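Results of the structural survey
For reference, the chains in residue letters:
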Amino acid sequence: MAHFIDVILPIPLEKTFTYTISEEEVSFVEMGMRVSVPFGKSKIYTGIVAAVHQTAPEIYEAKEIHQILDDYPIVSPLQLQHWKWIASYYMCTLGEVLRSALPSAFLLESETLVLLNKDAEVDENTLMDNEFLVYEALQHQSVLKVHEVSAITERKNVMPILQRLLEKKIVLLKEEIYEQYKPKLVKYIRLGPAYRTDESLELLLESLKRAPKQSQAVLALFQLQATSKKPIASVDLEKSSNTSAAVLKALVDKEILETYFIRRDRVNFDGSSDDSNAKDLNEYQLEALNSIRKSFDNERVALLHGVTSSGKTEVYVKLIADLMKADKQILYLLPEIALTTQLISRLQEYFGEKIAIYHSKYNVHERIEVWNNVLHQKPKAQLVIGARSALFLPFKALGLIIIDEEHESSFKQFDPAPRYHARDAAIVLGNLHKSRILLGSATPSVESFYNVQQGKYGYAQISRRFGNVLMPDMELVDIKEAQRKRRLKGHFSERLLQEMSEALEMGEQIILFQNRRGYAPVLECLTCGHTPQCPNCDVSLTYHQYKKQLRCHYCSHATAIPESCLACGGSDLDTKGFGTEQIEEEVRKLFPDAKVGRMDLDTTRGKYAYEKIITAFEQQEMEILIGTQMITKGLDFRNVSLVGVMNADALLNFPDYRAHERTFQLLTQVSGRAGRTKKRGKVIIQTYNPYHQILKQVSTGDYDGMFQEQLYEREQYKYPPTNRIIKITLKHKNYNVLNEAAEWFSSALKNVLRATVLGPEYPPVSRIRNQYLKNILIKIDKNESLGTSKRNIRRIEKSFKAISSYRSVRVIYNVDHI
């Protein structure tokens, strides 16, 4: 009797593929294991076994698999169930979900490039013959393709060989290379072994009388050792002894001092976990905790609505501690990688080494480490903190999912597919595991609050800040009036400058928020009005002064700043609008003595970049921090007394049905960074329209008013939460083909669906990377079946793809588009 397996391949195909396996393999193979399989004429892919059965495929003849790559399943049946839900709900394929879910080193492919790991120490005697052949070839050639490895070893299937070399860390894969960061090594210094007794120390100081600088360095080392038990970094010793690196080097050469390096791990914890130092909850937090537990008892999702700085994290800690005692796994989702850095150190105080971190700034090896720890339920991964991709980890005993800052749009993935929303997918995951689910936010999304009102979710509220600290004092400053009277200094109103001067005099810190990176969005010729455009996209190039270039924020095209106008040759070029770089430059001119930092996508490229900026600001090495929306989310800086919003109108006038809700959330969150301890904070919002309803609601903290207004408008115009929306984007490099295709698709939708169909319409940026875009928006009533609508859309797509001229048009689905 023949045996077969269905395999999910990491490519965008609707169906799984069936392969044949031998009698011996049947007894060994299980659902969730990886297998390498041939696909097409010559390609080899790594896939996941979705089912083992005895039904032969009818359409094609099943090929044999190459090899089983695992000894045990690395994906659980519940995970596969969750992946299938994501694929069907978000209208993508299982292969796309697989590619997104598994760390790339799990997916060896025949197109993968193999490189030698130069840092590896290789003992050639431990290598098998085939491994040695590959290793030797890489000594002479920098890169090998998989089919070349196949030719060298004279074997069809080379995946197991590469797998073994990867495990020995002898080779690297090309995809990993981009993410290889050097571990952070810190240089520390201590006394040499010969001088660690009192007698030898006296002799040492005597001998250094003629070298005052060296003597000073040794004495400074004693002082530092007396005050702190921690290792002493050589940089700290240089500072405290007022000596240079050369002096320390001379002492090291004499063997009086010795240097050693400590790898600062991504999660470094010194000390054991100690639940006893958890803060006692106040009455409001206890009330919220009890409400949450009641919701959990009724098997409902709970929403914790706590104002900024109300101590939501402390409530989470209590819930996490309960489940830790029951040996359950906990998933803590955050919208922004920047948040994880601060939160880790806070949670480590309570849970010690039971914390694992999972997000895209970690390299492949580190991610696989966490994956395996979660899979084997190791204690060091009992609490997983991560961005949205942590959803896909192989949990076995998931007891609690916390989704912090649940209103954040960063939880939604935009490209590539699957375009899932981590909050919604996490709720489904929680239901599959029968675990508890808690959403937390100071400004809940309209959808979540609507679910509370409909009785779907439980609700808990903390309406006061921890320690009864007052909410910040908000002030709206009319810059239209200030501009008319010529009272603006750069982009700063007199009121903001006055408050900044006062805060700096008091030794307090300031955050300035401007939601645009770069120096200025437009460079314009004053003679003819020409602005440089991106050759690949329909958008003007953004001026970056720091790198002295014009950049496209859509396709990363960059060009040097022109000396003169490219259209008329005039040399009178000026910038319009302003970004974080320009604010930074103005602040440095206005406050030359202040230490200024900037936090945006350009300054946080590296793995530890977030950590460096946040730590420097926490330790008050910077007085003013300028940033984009990264700085608005859940960060806790104790000494910030003033927050300035440079221009609130850019947020309000965004062409998006959520613009007002987002503005309310963003401004409330950014103002929540001010005055988190004893003193009341101050927030200054600069705007051309201080009488705007949303700005008034922000300044009075009127969430309910904002919610009622937004809900009424969305009911009128058929937007979520009362309706479902699916956005379909069509892409093609030919303008005319795209127009025809979009018209055909939208008229077919209008004929078949009972829903409202808007479009086709060009988005604000209608060409990106030389591909023209057109959007169709489908609004589906709550009473209509979403599943039926999706099936109808799929049927239309099949007919659409049958037309030969439209076959090359890409169709992209975005379900629950936000």
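Before going further, it helps to examine the overall build of the chain. In terms of regular secondary structure, the chain is built from 27 helices and 35 strands. Taking 818 residues into account, the globule formula puts the C-alpha radius of gyration at 28 Å, and the chain, at 30 Å, falls close to it. Along the longest, intermediate and shortest principal axes, the C-alpha atoms of the chain span 90 × 75 × 70 Å. Taking all 818 residues of the chain together, 54% fall into the buried category. Across the chain, every contact between residues at least 6 apart in sequence was considered, and the portion connecting residues at least 24 apart equals 74%. When the accessible surface of the chain is totalled, it reaches about 38,400 Å², and 48% of it is carbon and sulfur. The positive charge centre, built from 107 side chains, and the negative charge centre, built from 101, are 3 Å apart in the chain.

A word on the side chain of Lys 682. Position of Lys 682 relative to the elements: it lies in strand β30 (residues 682-687). Classification of Lys 682 as buried rests on a relative accessible area of 14%. A polar contact of 3.0 Å, which involves the side chain of Lys 682, links it to the side chain of Asp 473. Contacts of Lys 682, omitting those with residues within four sequence positions, involve Pro 472, Asp 473, Glu 475, Arg 495, Glu 499, Ser 641, Leu 642, Val 643 and Ala 674.

This next bit is on the nonpolar core. Ranked by internal contacts, the top residues of the largest apolar core, which has 118 residues, are Trp 83, Leu 102, Ile 728, Phe 745 and Leu 749. Aside from chain neighbours lying at most four places away, what touches Ile 728 is Phe 745, Leu 749, Lys 774, Asn 775, Ile 776, Ile 778, Ile 793, Val 811, Ile 812 and Tyr 813. Of all hydrophobic cores here, the second largest spans 33 residues; its members include Ile 292, Ala 302, Leu 319 and Leu 438.

With that settled, consider the packing of helix α9 (residues 212-227) against helix α11 (residues 245-253). Interhelical geometry of α9 versus α11 gives an angle of 85 degrees and a closest axis separation of 10 Å. Looking at the two axes, α9 sits roughly perpendicular to α11. Across the interface between the two elements, Lys 213, Gln 214, Ala 217 and Val 218 from α9 touch Val 247, Leu 248, Ala 250 and Leu 251 from α11. Across the contact of α9 with α11, the residue classes break down as six nonpolar, one polar and one charged.

Scanning the model with the defined rule gives 24 aromatic pairs in all. With a centroid separation of 5.1 Å and an interplanar angle of 90 degrees, the aromatic rings of Phe 17 and Phe 39 are classed as edge-to-face. With Phe 17 in strand β2 (residues 17-21) and Phe 39 in strand β3 (residues 34-39), this pair connects stretches of sequence that are 22 residues apart. Exposure remark for Phe 39: the relative accessible area of 21% places this residue in the partly exposed category.

A word on the environment of Glu 136. Note that Glu 136 resides in helix α4 (residues 129-140). Sequence spacing of Glu 136 and Glu 124 is twelve residues, and the spatial spacing of their C-alpha atoms is 9.8 Å.

With that out of the way, let us pick up the pairing of strand β18 (residues 436-441). In terms of burial, β18 is largely enclosed, as five of its six residues are buried. In this sheet, β18 lies alongside strand β13 (residues 301-306) in parallel orientation, the contact comprising four bridges. Its bridge partner being in β18, Ala 302 is matched across the sheet by Leu 438.

Take the state of the cysteines next. Evaluated as defined, the whole model comprises zero disulfides. The thiol sulfur of Cys 537 is not disulfide-bonded, and the nearest other cysteine sulfur, from Cys 555, lies at 3.7 Å.

It is worth spelling out a negative patch on the surface at this point. Taken together, the side chains of Asp 702, Asp 704, Glu 709 and Glu 713 make up a negatively charged region of the molecular surface. Structurally, the position occupied by Asp 704 is in helix α25 (residues 703-717). What makes Asp 704 partly exposed here is its relative accessible area of 47%.

Spatial strand order, β5-β2-β1-β4-β3-β6: six strands in an open sheet with mixed pairing. Whereas interior strands pair on both sides, the edge strands pair on one side only; in this sheet they are β5 (63-64) and β6 (67-68). Note: β3 against strand β4 (residues 43-53), six bridges, orientation antiparallel. Counted as the bridge partner of Val 35 is Gly 47 from β4.

This part covers the sheet that holds strand β8 (residues 143-145). With respect to topology, three strands assemble into an open sheet ordered β8-β7-β9, the strand pairing being antiparallel. Both edges of this open sheet fall to β8 and β9 (171-173), since each of them pairs with a single strand only. Here the average twist between neighbouring strands, direction ignored, is 35 degrees. Here strand β7 (residues 113-116) runs beside β9; their pairing, made up of three bridges, is antiparallel. What sits directly across from Leu 116, in β9, is Val 171. Seen against the sheet, α4 touches β7, β8 and β9 and runs at an angle of roughly 80 degrees to β7.

A few words now on the pairing of strand β31 (residues 723-732). The buried fraction of β31 is high, at eight of ten residues. Taken together, the ten bridges between β31 and strand β34 (residues 771-781) define a ladder with antiparallel strand orientation. By the bridge assignment, Lys 731 is partnered in β34 with Leu 773. Looking at chain direction, β31 and strand β35 (residues 810-815) are connected through six bridges and run antiparallel. For Lys 731, the partnering residue across the bridge sits in β35 and is Arg 810.

A separate point is the side chain of Asn 451. Summarising the element assignment, Asn 451 is placed in helix α17 (residues 446-453). With near-sequence residues (within four places) excluded, Asn 451 lies in contact with Lys 456 and Tyr 457.

Note that the residue after Pro 720, namely Pro 721, is joined by a cis bond; omega there is 10 degrees. For the bond running from Gly 759 to Pro 760, omega is 5 degrees, close enough to zero to count as cis. Within the fold, Pro 760 resides in strand β32 (residues 756-761). A positive phi angle, close to 55 degrees, is found at Met 91, a residue other than glycine. Relative to the elements of secondary structure, Met 91 occurs in the loop between α2 (77-89) and α3 (94-101). In this model, Glu 405 sits at a positive phi of 55 degrees, which is unusual for a non-glycine residue. Looking at the element boundaries, Glu 405 is found in the loop between β17 (398-404) and α16 (422-433).

With that out of the way, let us pick up the environment of His 557. Relative to the helices and strands, His 557 is located in the loop between β24 (549-551) and β25 (558-560). We classify His 557 as partly exposed; its relative accessible area is 25%. A sequence separation of 29 residues divides His 557 from Glu 586, and the C-alpha atoms of the two residues are 27 Å apart.

Let us now look at the confidence of the model for the chain. Caution applies to low-pLDDT parts of the model: their predicted coordinates are not meant to be read in detail. Taken over all residues, the pLDDT of the chain has a mean of 86, while the share at 70 or more is 94%. Contacts of residues 175-183 to residues separated by more than four positions or lying in other chains number 23 contacts, the stretch itself having pLDDT below 50. In this model residues 264-276 is a low-confidence stretch, pLDDT under 50, and it forms 24 contacts with partners more than four residues away in sequence or in other chains.

Procedures and definitions
Residues numbered from 1 in each chain as written. Predicted model: local features only at pLDDT ≥ 70, side-chain atom pairs only at ≥ 80, totals over all residues. Heavy atoms only, no water. Helix = DSSP H or I, 4+ residues; strand = E, 2+ residues; numbered from the N terminus. Rg over C-alpha atoms; globule rule 2.2 N^0.38 Å. Buried < 20%, exposed > 50% of the residue type's maximum accessible area, 1.4 Å probe, protein only. Contact = heavy atoms within 4.5 Å. Areas by Shrake-Rupley, 256 points an atom, 1.4 Å probe, with all protein chains shown as cover. Lys, Arg positive; Asp, Glu negative; His and termini not counted. Charge placed at Lys NZ, Arg CZ, Asp CG, Glu CD. Polar contact = N/O pair within 3.5 Å; in protein donor to acceptor, adjacent residues only side chain to side chain. Core = buried A, V, L, I, M, F, W, Y, C linked by side-chain atoms within 4.5 Å. Axes fitted to C-alpha atoms, helices over the stretch in contact; angles between N-to-C directions. Parallel < 35°, antiparallel > 145°, perpendicular 65-115°, else oblique. Nonpolar A, V, L, I, M, F, W, Y, C, P; charged D, E, K, R; others polar. Phe/Tyr/Trp six-rings, centres within 6.5 Å; stacked < 30°, edge-to-face > 60°. Pairing = 2+ DSSP bridges. Disulfide = S-S within 2.5 Å. Patch = residues over 30% accessible without salt bridge, like charges linked within 9 Å, V, L, I, M, F, W, Y side chains within 5 Å. Salt bridge = Lys/Arg side-chain N within 4 Å of Asp/Glu carboxyl O. pLDDT = per-residue confidence, 0-100.

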